[in-house]
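# Coordinate analysis (summary)
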Amino acid sequence: MQMDSGKLVQRRKPNIPLIRPRGLDKKQHIQEQTSTKSLDINKVIRLLEDPLTANLKERHLFVLKKLFKTNQNGFVLKDLTGIAKILNNCAEKVKDQPDYLPLLCEALKICRLPFLKERTSDELTHAQDATHFLSHIGCLMRVSDADVRLHIIECVKSFYSSVAPRQLLDGMEHHTKPKPRPFHSDNRFSKLSLKVQPTSPGYRLQLLERSNLAQTLLLSMAAVENQPNIKLQLLQTLQILSNSSDLNCASVLNARGAEVICLHMNEPDPSGEILFRSSEILWNLLERGSKEEVTAQLSSMECVVSLKEAFFHQLLNGVRHIDLQLRNYLLVITTLIAGNSNSLFIESLFAKQLIALVTYPELKSRNSLICNLKLSYNNEDLNMKKMLLNLLVLMSKDSAVLQLCKEEHVMLVLLMLIKPPPASGVRSGLRHWSSVQREELQLHALATLSTIAPLILDDYMSFQGNACLLLLLDWCVGQDAYFGHGNSFHATGCRGSKKAQMRLCIRVLRSVSSSGEESVNQDLCDQGTINHLLGILMQMEASPDQEDDVTLEIKADIQLILSALCETEMHRKELFGSEGVEMAVHFLKKGAEKFYTSVGHNKLILSTVDCVWSCIVGCYTTEDYFLAKEGAFLLLDLLRSSPKCMHSVILATLLELCDNPNTLSHLLSWRDSGGQTAPRLLLQMWREEEEELQVSRNHYGGLADPKRPILSHHQQEEIQSSQPGNVPTAAVLEMLENLRSKIFSIFCKLGFQDLPGLSTQDYVTLSIVRRYLDFKVGEVWDEVSKELILDGVKPITPDQESLETICKITEDTARRVIEEQISILQQQEKEDIGKEKLLYTEIKSRWRQQELTAKSWDHYVSKTSNYDILKEVKAQREKYIESSRPKHDETILHPVQYFIGQVMSVERTGAQGPAGVKLTLARVPLKSASQGDLGPTTQQDPEYFSTASVKD
C-alpha cells in the first residue's frame, strides 16, 4: 500500500488467534512434529551428501544443532538408519574440519538415552535397523579424537548402568510394592508425547548382543595403543560385555579376542589395571564362551610367552593381596591351556620354569627367576602350590615333561611332602607352612603322586618310594591322636581322622603295583606288604564304624593291590595263605544285596572276586582251603544273586577253580534256597544269554534253524567287507563278549551225563551246549566262505568241496540235535501222559470210595428211619445166620470160624452222656470154619465192624 508521503508501507496480517477444532489435542500436534522430524532427517542427509551443498559447513552445523536439539530426549527407532548415515558423514568430515567434533559428541551423548518408539510393534519392526545402528556406533572408534572414543565407550557402559536400577526395582516390586512414579516426573521425558515412549533398557542389550559392537570394540584395541586412558576404559567395557552375555563372548572369540587380549596385556601400564582387566576378560571368555576355542587361541607361541611374562612378573613383584590373586588367576588360565596337546609349553620354556617352581621351597633351585623368590606362606601361596601340583598332573601326558621332572627331582619333592607330620607338631625355622596348610599339601602331593609315580618308576624306586608310602601307612593305622582338618578337596568326609591320608596312600600303592613293574612289586613283597595289608583290611572290617564310601574304597583298593601282587607268582599266593582265604570268604558272605547302593559296595564285590581269582586260584594249597571254607558254594550263591555285569568274572573264576578235581563235587552238591542245582542254574543263564542275543529258538527252547544253530541276531546281518587277518571276526568276538563259551567250558569239566536236578527244558538246552564247539567251528568256516566271496577269491575244487562238506556236517549235526530234542520232548510227553492216567485212576478210585461210603451211610440211615427196611434186613440176617449154621457131619470136616469183638481202646470225645465214649473193637478168631460155610462176605453189615459209642 502506498501512502501520501511516498513511502511504501507493507500491510501486516492481523494477529488473529488460531482456532482449532476441539478434537485436535496435544497428541496430534506431537504426531505432526514427529512426521516433520523424519522429513528433516532426510533433508539433512541430502544436505550433507549432495555435492552442491557438501561444503556448506555453516549450514551443516546449524542444521545438525537443530536436529540434535530436537532429538535431545532420544532417537526414534524409525529414524536410526538416517541418524547412522549422519553420524558416519560427520565422522568423515571430522578428519579435515574439527568443528564437527562437538556435534558428533553431542549425538553420542543422545545415544546413551533409550530409543523411542511410537508404537509397541516398533521394537520388532525396527530391530534390524537398531542393530545396524549400534554396529555403526562401534565403527566410530576409527575417529582418532579421544573425546569421541570416550563418548562411545561411555555410551556402551550406559546400556548396562541403565539396566541395574530397573532390575533392582523389578526385584523389589514383589516385596515393597513402591508407588509408581508419574511419567512426567522425569525431566528428560516430560516434553514427550504420550504417543512416544522409551524402549525398555533390556531392549538395547538384546540388540547389542546381535550386533558387531563387541567385536568392533575389540578390534579397536590396536587403534588406542597411544591412549592408555582410553585403552583402560575400553578394557573395562569389554570386561562388562564379556561378563554379561554368552553371545558377546562368542562375538569376541570370532575376532580372536582371547589372543588379542593376551598379546596386549603386558604393555606399559602406569595404573597397573590393564593386566587385571585382561585376565578378567580371559576368565569370562573361558567361563561363558567356548573353552576349546579360547585354549586354541591361547596355545600359540606368542600367547604362551605373554602369559609366562605376566605370571612371573606378578610372582616376583606382587606384594598386595590383589596382586597375589591376579598371579593365581593367571596360573589357572595357564592350567586350562596346559590341557591342550597343541600348546607350546615345552618350546617356550614355560614348562621348565613351572616345574622348577613346583620344587620350591622344598629344594633350592638354580633357576634365576626362582632363587630370589620369597613366599609369605599365606593362603594365596598355598593355592599357588596346589595349582602347580595340579598343573604337573596335566602336563605329565607329555614325555618331555617327565624328563624335566627327572631333572628337577620332582619325585623327591613329592615324597618329602607326603611325610607324616612331626610328633611335636612344630617345625624349626622362621617361616613355614602351618599344620592345616601342611595337611592340604600332603593330600595334594599324594594325589599327584598316584599319577606321576607310575610314569617315572625309576625315580620312584631310586628315592625309595615304597618305603616312604609304607611308613605313611604305618602312621595312618597308628593309634596316636591326630585330628585332620578336612579343609582340602581330597579330605572330604574325613575330618578328624587319618582316613584321607590312608585312602590316598593306598591309591598310590595301587597305581604303582598295577603298573606291572616286577621290581616294584617284588620290593613291596620283600617288605611284608601282603600280610601287612591283610591285617589292615581285617582290622578295618572289625571296626564298628559305619561303612562309608571312603572306607569301602580303601578296602577295594587293598584287595586290588593284593591281586596285582599275587597274580603271577605262586610263592606270593602261598604268602596270601589261610589268612587271605579267610578274608576273601568273609567278604563273599556279604553277597550282592547292596550292589546297587551308591556307597561303593559294587567295587568291593568285584575286587573280592578278582582277589579270589588272582590270589587263590592256581595254588592247590589255598584252593583246597578255600573249598573247605565252602568258597565254591559262596561263588555260586553270588552268581545266582548278582547282576548280569558280574556273571562273566564269577564264571571265569569258577572255570579256573574247576582245574582242581575237588571242585566238581562241590559244584554238583550245591543247592540254593529253592533247591536249584548248579547245572540247572548254568543252563538257565545260557537261555537268558541267548534270549538277549536274540538267537533263533522254537517254543520249547530247541533249535529252530539248523543252518544257524547258535548265530546271534547281529551276526545274521550280511558282511559288507572282509576283515584283515589280524582282526578277529564276529564269530570270535562273540565268544569273548557273552557267557556261552564259559558255561560250555564249565560243563566240559562237569560232564554232560548224570547231572542232578535237570528238567526236560534243561535237557533240551544241554543238547545245544554239548554241541556248542562244533557249531562254533562251522560258524567260523561259514565266515571264511563269505569273506572269500567278498574278496572275489574262488577256491580250488578240493577246497570248495571241503568247505561244502564242513557246512553240511554242521547242518547234519544240528539236525541230529533237533531229533534228539524231539525225542526228549516225546519221552517227556509219554511220562506226562502216564502221570496223567495215574492221576485220573487215583481220582476215580477216590470218587468210587466216596460213593461206597455214601451208599453205606444211606443204607444205615434207611434202616434206622424206615421200619419196613429194618424188618427186611433183620429177616435177611436171620436167614443168613440160619444158612450159615453147619450140619453135624460138616462141622468135623469144616469147623466154623466165629468172630467176637474185642475192645482195643477207649477214647473220650468230650461230649455229654454215652456219646462221649468211643470204643474201638477188633475181631478175634475162636473157631475155624470152611470157606464155603462162611458165605459171601459182601452181605455183612458194615455196622458190625464199625466203631461204637457206649454208655458209661
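Owing to the predicted nature of the structure, the values given are computational and were not obtained by experimental measurement. (Residues numbered from 1 in each chain as written. Predicted model: local features only at pLDDT ≥ 70, side-chain atom pairs only at ≥ 80, totals over all residues. Heavy atoms only, no water.)

## Thoughts on unusual backbone geometry
In the segment running from Tyr360 into Pro361, the intervening peptide bond is cis, with an omega of 5 degrees. In this structure, Pro361 sits in the loop between α18 (350-358) and α19 (379-395). Positive phi is not limited to glycine here, since Asp754 has a value of about 55 degrees. What makes Asp754 exposed here is its relative accessible area of 77%. (Helix = DSSP H or I, 4+ residues; strand = E, 2+ residues; numbered from the N terminus. Buried < 20%, exposed > 50% of the residue type's maximum accessible area, 1.4 Å probe, protein only.)

## Some thoughts on the pattern of salt bridges
Evaluated as defined, the whole model comprises 41 salt bridges. Measuring nitrogen to oxygen at the nearest pair gives 3.7 Å for the salt bridge that ties Arg503 to Glu553. Here Arg503 is found in helix α25 (residues 499-513), whereas its partner Glu553 is found in helix α28 (residues 549-566), with 50 residues between them in sequence. Across the pair Glu842 and Arg846 runs a salt bridge, and its minimum N-O distance is 2.8 Å. With a gap of 4 residues between them, Glu842 and Arg846 both fall in helix α40 (residues 797-865), about one helical turn apart. Note on Arg846: relative accessible area 54%, which makes it exposed. Three or more residues are tied together by salt bridges with common partners; here these are Glu690, Arg697, Glu734, Arg740, Lys776 and Glu779. (Salt bridge = Lys/Arg side-chain N within 4 Å of Asp/Glu carboxyl O.)

## With respect to a negative patch on the surface
A cluster of acidic residues, Glu829, Glu831, Asp832 and Glu836, forms a negative patch on the protein surface. Within the secondary structure, Glu829 is located in helix α40. (Patch = residues over 30% accessible without salt bridge, like charges linked within 9 Å, V, L, I, M, F, W, Y side chains within 5 Å. Areas by Shrake-Rupley, 256 points an atom, 1.4 Å probe, with all protein chains shown as cover. Lys, Arg positive; Asp, Glu negative; His and termini not counted. Charge placed at Lys NZ, Arg CZ, Asp CG, Glu CD.)

## Observations concerning the confidence of the model for the protein chain
Put simply, the protein chain has an average pLDDT of 82, and 83% of its residues get 70 or more. Segment residues 1-39 is flagged for pLDDT under 50; beyond a separation of four residues in sequence, or across chains, it makes 16 contacts in the model. Of the regions scoring below 50 in pLDDT, residues 926-952 engages in 46 contacts with residues more than four places distant in sequence or in other chains. (pLDDT = per-residue confidence, 0-100. Contact = heavy atoms within 4.5 Å.)

## What about the environment of Leu504?
Inspection of the secondary structure puts Leu504 in helix α25. Remark: the alpha-carbon pair of Leu504 and Ala447, spanning 57 residues in sequence, is separated by 6.3 Å. Ignoring any residue separated from it by four or fewer positions in sequence, one finds Leu504 in contact with Leu443, Leu446, Ala447 and His490.

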